[in-house]
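Here are the chains, one letter per residue:
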There are 2 protein chains.
Amino acid sequence: MNRPLHERIRQDFETRILAGALAPGERLPTEQALMAHYDCARMTVNKALSALATAGLVDRRKKAGTFVARPRVHSMAMDIPDLGAQVAERGQAYRFDLALRREMHAATGRAQAPMEWKVDGSVPLLELEGIHFADGAPFALEHRFVNLTAVPEILDADFTGSSPGTWLLEHVPWTEADARITATGAGATEARLLAVEPGAPCLCVERKTWRGSEPITYVRQLFVAGAYELTAHFGPGARRDT
Amino acid sequence: MNRPLHERIRQDFETRILAGALAPGERLPTEQALMAHYDCARMTVNKALSALATAGLVDRRKKAGTFVARPRVHSMAMDIPDLGAQVAERGQAYRFDLALRREMHAATGRAQAPMEWKVDGSVPLLELEGIHFADGAPFALEHRFVNLTAVPEILDADFTGSSPGTWLLEHVPWTEADARITATGAGATEARLLAVEPGAPCLCVERKTWRGSEPITYVRQLFVAGAYELTAHFGPGARRDT
DNA sequence: TCGTTTTTAATGTATAGACAAAATAGCGAA
DNA sequence: TTCGCTATTTTGTCTATACATTAAAAACGA
């Protein structure tokens, strides 16, 4: 009972909501009623209910009151860990082989189309292509474009062995990102590089990132089926506080 | 300037942190300093900084102060929307065909193994299998187990036309979930049901959900490559509040 | 010098009150 | 009836203050 009071109030209702004792749409007591019930100040009750509101468990409307929120959007936190670190964690040897490194402009080549990236044609880009190896066996293909206006220092980086993703993760924080996950069959060239049959199923992850409104990088990663999986988790572990 | 003050303070620092003006590990001013700077009460500053703390942007330690948090895990919010709603949104006709409906126990059949689900063998389960159609063409296969102890009402539900996922989303809020996303080739039976070649690449989404510590459901969805994609987004748009 | 105790600076929690804002409810007039 | 105004309820924000808690830093003693 030595936990903070606002925390106790919050948890009281969280428990009841999650257990279904309070149905979605149901109204919960007013702050006045609760401050009488818990014998505390309104600010304390307010803090508890506000926390529930920002957590999305309840909706609060002036004059109307506080209501249990409808089941929220089905969204989960997905981890996209650093490939090198993940391979190393499994006790395998990691290597990245750079296959292509080219400075270019967005207007040049076929960069604009596959990216669907809103960069001006005059923006200087660094195009990188390479293969990720685990214990000597290729397991992923990576094709990346980096905005040199935003990240000029990447020209001095060395990618023989470590991947551009690792470098970017450590040097350029992003504030916004879009990802697209699909399954696809390996093309002829891709199959050869990954040492699989053409048409073999692959997991394709495409990701665009921005810092503010400035595009940073676009990457398309192709994983051999079975060699990689994405995991996502949603739950209390993802939003513990205090 | 008519936005609440605590919100303005919060955003001031959020902006500077995300822009990199405040480096990870860097200490930000004390509440005393900030209440002088913004000419307001300490509670107001406290509210702003506490919000940043629960959002994971800063760490707060007593006596030591408030510090910019180290770059957090590379995790993004992934939307796993309701299939029916999503198909309908694209202007296509949605249909779900139930192919199998069986009450069973966890110990029976091959339920335990594929689920890797920690349910006691005596737990009554409802096994469901069906196909999702868009404009008459099959695009996903679904195999699901539902814990009847947790959700007995599902026995009265009717799944001719609408999917179990939709029903569950509306009737049983979950509090915890794990997901696994892989690419795989279609098996013989699966290929026949989905009207594709055996071995054709498919996106496989497996998901387990709990309410509290009680298992609710396990589902494995197999999507024809190209017919479906998962998208994820991370950015300011994903966590707007107030 | 090293380990222990005390101080102190910072956040954490809570109070009581005030005013603002918004949305519902009710009432009155066209 | 319907439109529009007003009153009221409920949450939103903010203040000023108090005391608790914690951990770093300083003081102290062997």
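Residues numbered from 1 in each chain as written. Chains lettered and ligands numbered in written order. Predicted model: local features only at pLDDT ≥ 70, side-chain atom pairs only at ≥ 80, totals over all residues. Heavy atoms only, no water.

Colleague: What is the right way to read the overall build of chain A from this model?
Modeller: Scanning chain A from N- to C-terminus turns up seven helices and eleven strands. Carbon and sulfur atoms provide 53% of the accessible area of chain A, an area that totals close to 12100 Å². (Helix = DSSP H or I, 4+ residues; strand = E, 2+ residues; numbered from the N terminus. Areas by Shrake-Rupley, 256 points an atom, 1.4 Å probe, with all protein chains shown as cover.)

Colleague: Where do I start with the nonpolar core in this structure?
Modeller: Most often, soluble globular proteins keep nonpolar side chains buried together rather than apart. In this structure, Ile181, Leu203 and Phe223 of chain A together with Ile181, Leu203 and Phe223 of chain B are the most contacted members of the largest nonpolar core, which totals 24 residues. Counting only elements with at least two residues in this core, the list comes to helix 4 (83-89), strand 7 (137-147), strand 8 (176-185) and strand 9 (201-211) of chain A together with helix 4 (83-89), strand 7 (137-147), strand 8 (176-185) and strand 9 (201-211) of chain B. What Phe223 of chain B contacts, discounting residues up to four positions off in sequence, is Leu83, Phe139, Ala140, Pro201, Cys202, Leu203, Val205 and Tyr228 of chain B. (Core = buried A, V, L, I, M, F, W, Y, C linked by side-chain atoms within 4.5 Å. Buried < 20%, exposed > 50% of the residue type's maximum accessible area, 1.4 Å probe, protein only. Contact = heavy atoms within 4.5 Å.)

Colleague: Just checking my understanding: could you explain the packing of aromatic side chains for this structure?
Modeller: One pass over the full model with this rule turns up zero aromatic pairs over all chains. Seen from the ring of Phe13 of chain B, Arg16 of chain B lies directly overhead, with NZ or CZ sitting 4.7 Å from the centre. (Phe/Tyr/Trp six-rings, centres within 6.5 Å; stacked < 30°, edge-to-face > 60°. Lys NZ or Arg CZ within 6 Å of the ring centre and 35° of its normal.)

Colleague: Mind showing me how you'd approach the environment of Glu214 of chain B here?
Modeller: Residues and elements named next belong to chain B. Its place among the elements puts Glu214 in strand 10 (residues 214-224). Once the C-alpha coordinates of Glu214 and Thr149 are considered, the two residues, 65 residues apart in sequence, prove to be 9.2 Å apart. In this view, Glu214 contacts Asn147, Thr149, Ala150 and Thr209; residues no more than four positions away in its chain are not counted.

Colleague: Is there a simple way to think about the sheet that holds strand 1 (residues 27-28) of chain B in this case?
Modeller: For sheets, the rule is that strands pair by backbone hydrogen bonds, running either parallel or antiparallel. Residue and element names in this part refer to chain B. Pairing within the open sheet is antiparallel, and its three strands lie in the order 1-3-2. What marks the edges here is a single partner per strand, and that holds for strand 1 and strand 2 (58-61). As paired elements, strand 2 and strand 3 (residues 65-68) share four bridges and run antiparallel to each other. Its bridge partner being in strand 3, Arg60 is matched across the sheet by Thr66. Each of strand 1, strand 2 and strand 3 touches helix 3 (residues 42-54); the most contacted strand, strand 2, lies at about 120° to it. (Pairing = 2+ DSSP bridges. Axes fitted to C-alpha atoms, helices over the stretch in contact; angles between N-to-C directions.)

Colleague: Mind showing me how you'd approach the protein's contact with DNA strand D here?
Modeller: The full set close to DNA strand D counts 24 residues, and Arg42, Arg60 and Lys63 of chain A together with Leu5 and Thr44 of chain B are the nearest of them. Expressed as a percentage, the sugar and phosphate content of the atoms of DNA strand D within 4 Å of the protein is 67%. Here a base oxygen of DNA strand D sits 2.6 Å away from a polar atom, N or O, in the side chain of Arg42 of chain A. Here Thr44 of chain B contributes a side-chain N or O atom positioned 2.6 Å from a phosphate oxygen of DNA strand D. (Near = heavy atom within 4 Å. Polar contact = N/O pair within 3.5 Å; in protein donor to acceptor, adjacent residues only side chain to side chain.)

Colleague: Whenever I open this one, the sheet that holds strand 2 (residues 58-61) of chain A confuses me. Can you help?
Modeller: All names here are of chain A. Reading across from one edge, 1-3-2 is the order of the three strands in this open sheet, with antiparallel pairing throughout. Edge positions in the sheet fall to strand 1 (27-28) and strand 2, since each has one partner strand and no second. Packing against the sheet, helix 3 (residues 42-54) makes contact with strand 1, strand 2 and strand 3 (65-68), and its axis sits at approximately 120° to strand 2.

Colleague: When you look at the protein's contact with DNA strand C in this model, what are you seeing that I'm missing?
Modeller: Taken together, 23 residues surround DNA strand C, and among them Leu5, His6 and Thr44 of chain A together with Arg42 and Arg60 of chain B come closest. Within 4 Å of the protein, the contacting atoms of DNA strand C are drawn from sugar and phosphate to the extent of 69%. A distance of 3.5 Å separates a sugar or linking oxygen of DNA strand C from a polar atom in the backbone of Lys62 of chain A. In this structure, Arg42 of chain B approaches DNA strand C through a side-chain N or O atom, which is 2.6 Å from a base oxygen.

Colleague: Looking at this structure, I do not really get the confidence of the model for chain A. What am I missing?
Modeller: Detailed conclusions should not be drawn from predicted coordinates in areas where pLDDT is low. Residue and element names in this part refer to chain A. Model confidence for chain A is summarised by a mean pLDDT of 81, while 81% of its residues fall at 70 or above. Scored below 50 in pLDDT, residues 111-115 makes eleven contacts in the model with residues more than four places away or belonging to other chains. Taken as a whole, residues 236-242 scores under 50 in pLDDT and shows nine contacts with residues more than four places along the chain or in a different chain. (pLDDT = per-residue confidence, 0-100.)

Colleague: Could you clarify how one ought to interpret the pairing of strand 9 of chain B in this entry?
Modeller: A regular strand places its side chains on the two faces of the sheet in alternate fashion. All names here are of chain B. Summarising burial for strand 9: ten of the eleven residues are buried, a large majority. One ladder, built from ten bridges, connects strand 8 with strand 9; its direction is antiparallel. By the bridge assignment, Asp178 is partnered in strand 9 with Lys208.

Colleague: Would you mind going over the state of the cysteines with me for this structure?
Modeller: What makes a disulfide is a covalent bond joining the sulfur atoms belonging to two cysteines. Going through the model one piece at a time under the given rule, you end up with zero disulfides over all chains. In this structure Cys202 of chain A is not part of a disulfide, and its nearest cysteine sulfur, from Cys204 of chain A, lies 8.7 Å away. (Disulfide = S-S within 2.5 Å.)

Colleague: I tried to follow the packing of helix 1 (residues 5-19) of chain B against helix 3 of chain B on my own but got confused; where do I start?
Modeller: Angle between the axes and distance between the axes are the two parameters that describe a pair of packed helices. All names here are of chain B. Remark: helix 1 packs on helix 3, axes separated minimally by 8 Å, with the N-to-C direction vectors making an angle of 45°. On the basis of the axis angle, helix 1 is oblique to helix 3. The interaxial crossing formed by helix 1 with helix 3 has right-handed handedness. Each of Leu5, His6, Ile9, Arg10, Phe13 and Glu14 in helix 1 lies in contact with helix 3, whose residues at this interface are Thr44, Val45, Lys47, Ala48, Ala51 and Leu52. Counted by class, the contact of helix 1 with helix 3 contains seven nonpolar, two polar and three charged residues. (Parallel < 35°, antiparallel > 145°, perpendicular 65-115°, else oblique. Left-handed = near helix turned anticlockwise from the far one by under 90°. Nonpolar A, V, L, I, M, F, W, Y, C, P; charged D, E, K, R; others polar.)

Colleague: Got a minute to help me understand the pattern of salt bridges in this structure?
Modeller: Charged atoms that come close allow side chains of opposite charge to pair. Per the counting criterion, the structure on display carries 18 salt bridges over all chains. Of the charged contacts in the structure, one is a salt bridge between Arg144 of chain B and Glu142 of chain B, with a shortest N-O distance of 2.9 Å. Here Glu142 of chain B falls in the buried class, since its relative accessible area comes to 3%. Connected through salt bridges with shared partners, the residues Glu7, Arg10 and Glu14 of chain A form a single ionic network. (Salt bridge = Lys/Arg side-chain N within 4 Å of Asp/Glu carboxyl O.)

Colleague: I keep staring at the environment of Ala191 of chain A and nothing clicks. Help me out?
Modeller: Residues and elements named next belong to chain A. Inspection of the secondary structure puts Ala191 in helix 7 (residues 188-194). On the accessibility criterion, Ala191 (1% relative accessible area) is buried. It is 10.0 Å that separates the C-alpha atoms of Ala191 and Pro201, two residues lying ten residues apart in sequence. In this view, Ala191 contacts Ala186, Val196, Glu197 and Pro198; residues no more than four positions away in its chain are not counted.

Colleague: Hey, could you run me through helix 1 of chain B in this one?
Modeller: Since the α-helix packs 3.6 residues into each turn, any two residues three or four apart lie on the same face. Compared with an ideal rise of 1.5 Å per residue, which puts 15 residues at 21 Å, helix 1 of chain B spans 21 Å between its outermost C-alpha atoms and is within 8% of the ideal. Against the buried residues of helix 1 of chain B lie strand 9 of chain A together with strand 1, helix 2 (31-37), helix 3, strand 2 and strand 3 of chain B. Trailing helix 1 of chain B by a residue or two, Gly20 of chain B shows a phi angle of about 90°, which is positive. (Expected span 1.5 Å × (residues − 1).)

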